[in-house]
Amino acid sequence: MRRLLLGLALAGLWAPLATAQAQDAAWPNRPITLMGGFPNGSGVDIYQRKLAEPLSQALGVPVVVDNRSGAGGNIASDHVAKAKPDGYTFLFGTAGTHAINATLYRSLPFDPVKDSTPIAHLGDVPNVLTVSAERRPGLATCQDVIRTAKAQPGKLNYASTGNGASTHLAGAQFAQVAGLDIVHVPFRGQPGAQTALLSGDVDLFFNQSGPSIGYIKQGQVKGLAVTTAKRLEALPEVPTVAEACGLPGFDSSTWYGIFAPPGLPEPIQARMNAEIQRIITTPEFRRWLIDTQGITPSTLSTPAEFRAVQERDIARWGEVVRRSGAQVD
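Everything numeric in this text was worked out from a predicted model, so none of it was measured.

**What to know about helix α2 (residues 43-59)**
Then comes step 1: Taking 1.5 Å as the rise per residue, α2 with 17 residues should run 24 Å; its terminal C-alpha atoms sit 24 Å apart, in good agreement.
Then comes step 2: The principal kink in α2, of about 25 degrees, is found at A52, preceding the proline P54 by one to four residues.
Then comes step 3: Of the residues making up α2, those classed as buried are G43, V44, D45, Y47, Q48, L51, A52, L55, S56 and L59.
Then comes step 4: Positive backbone phi, approximately 80 degrees, marks G60, located one or two places after α2.

Printed below as a string of structure tokens:
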């Protein structure tokens, strides 16, 4: 009788585990949602859709892009943080959603570290200091910008895609390091900020590299400097901030990455990471990243490496946010 009872007890303990393992082994068997926190047509959305197609083929199920923009990406991030960790809901996150916002927002409905499972780092995203050559002919170089700003504190301004966005903090970091007083003018998204630059309503725009490339190559704006430590292959003629502005060591790149809800089973995390790594390291995909998006391909291959970068950047960007005084309720 004791053996029978012990056997039944062990069966009761192992049944849920066996069921979970069977579910993991069968994953995926229905559509997967890849959520994003930014509008259609944004750099995030473009990358999401580029990744979703080969990922669908690799996993054998549809990968559906679902954008829920607002609150600096927090709406989508919070949704995924609270989703069931069954491998059917993932987030296309950014350094904004999972590093910068930790300090920028007075309170978040989720913890960027505790309430997420890192899956894969997707690449580093630079910004480009741009001006309208037609509207601002006197700002032909980064040195012109610095001289003008120092001679007339508070006169020059720069657009951003919103408070706390990389386009804001790149400008804030530039002003801090160069010792400048330039005014931040936030817009709701990239189109409004770009239009303001082209029309001459603002002087500068530290736009992301992807949306900047076409405007620069078409001559609509002039790229004065990229915010990375090295020049971009897509814009080899544009110097770095260190080169053009005389600010050694300047680097304000951000990143894209895939996250899942906390508690995601390790086999699903490992499979998803492996499939994404295989896709983004193909020569064709790397060339798309470099040539059309200006994104530096990832050198991180594991979720643990990605988590380490995220935690480092929470501290790094936290300092920039605090020094800039930026705060969102």
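Back to the write-up after that little detour.
**Some thoughts on the nonpolar core**
Then comes step 1: In this structure, Y47, F90, I119, L122, I258 and I276 are the most contacted members of the largest nonpolar core, which totals 32 residues.
Then comes step 2: Sorting the residues of this core by element identifies β1 (32-36), α2, β2 (63-67), β3 (89-94), β4 (117-125), β10 (254-260), α10 (266-280) and α11 (283-293) as the ones contributing at least two each.
Then comes step 3: Here the element with the most residues in this core is α2; it accounts for six residues.
Then comes step 4: Counting 25 residues, the second largest nonpolar core, distinct from the first, contains A170, A175, L204 and A225.

**Observations regarding the state of the cysteines**
Here, disulfide denotes a covalent bond that connects the sulfur atoms of two cysteines.
Then comes step 1: Following the criterion strictly, the structure yields one disulfide and no others.
Then comes step 2: Here C142 pairs with C245 through a disulfide, and the sulfurs are 1.9 Å apart. One quick way to see it: the torsion about the S-S bond of C142 and C245 is about 105 degrees, and its sign makes the bridge right-handed. In this pair, C142 sits in helix α5 (residues 142-151) while C245 sits in helix α9 (residues 241-245), placing the two residues 103 residues apart along the sequence.
Then comes step 3: Exposure remark for C245: the relative accessible area of 4% places this residue in the buried category.

Criteria and cut-off values
- Numbering of residues starts from 1 in every chain and runs along the sequence as written.
- Where totals are concerned, whole chains, interfaces and linings use all residues; where local detail is concerned, this predicted model gives features only for residues with pLDDT of at least 70, and gives and counts side-chain atom pairs only at 80 or more.
- Processing note: side-chain calculations cover all non-hydrogen atoms of the structure and skip hydrogens and water entirely.
- Only DSSP runs of H or I covering at least 4 residues are called helices, and only runs of E covering at least 2 are called strands; the numbering of each starts at the N terminus.
- Expected helix span is computed as 1.5 Å times (number of residues minus one).
- We define the bend at each residue as the angle formed by axes fitted to the 7 residues ending at it and the 7 residues starting at it.
- The classification of residues rests on relative accessible area computed with a 1.4 Å probe and restricted to protein chains. Under 20% of the type maximum is buried, over 50% is exposed, and intermediate values are partly exposed.
- Buried Ala, Val, Leu, Ile, Met, Phe, Trp, Tyr and Cys residues form a nonpolar core when they are joined through side-chain atoms within 4.5 Å.
- Disulfide assignment relies on a single distance test, namely cysteine sulfur atoms paired within 2.5 Å.

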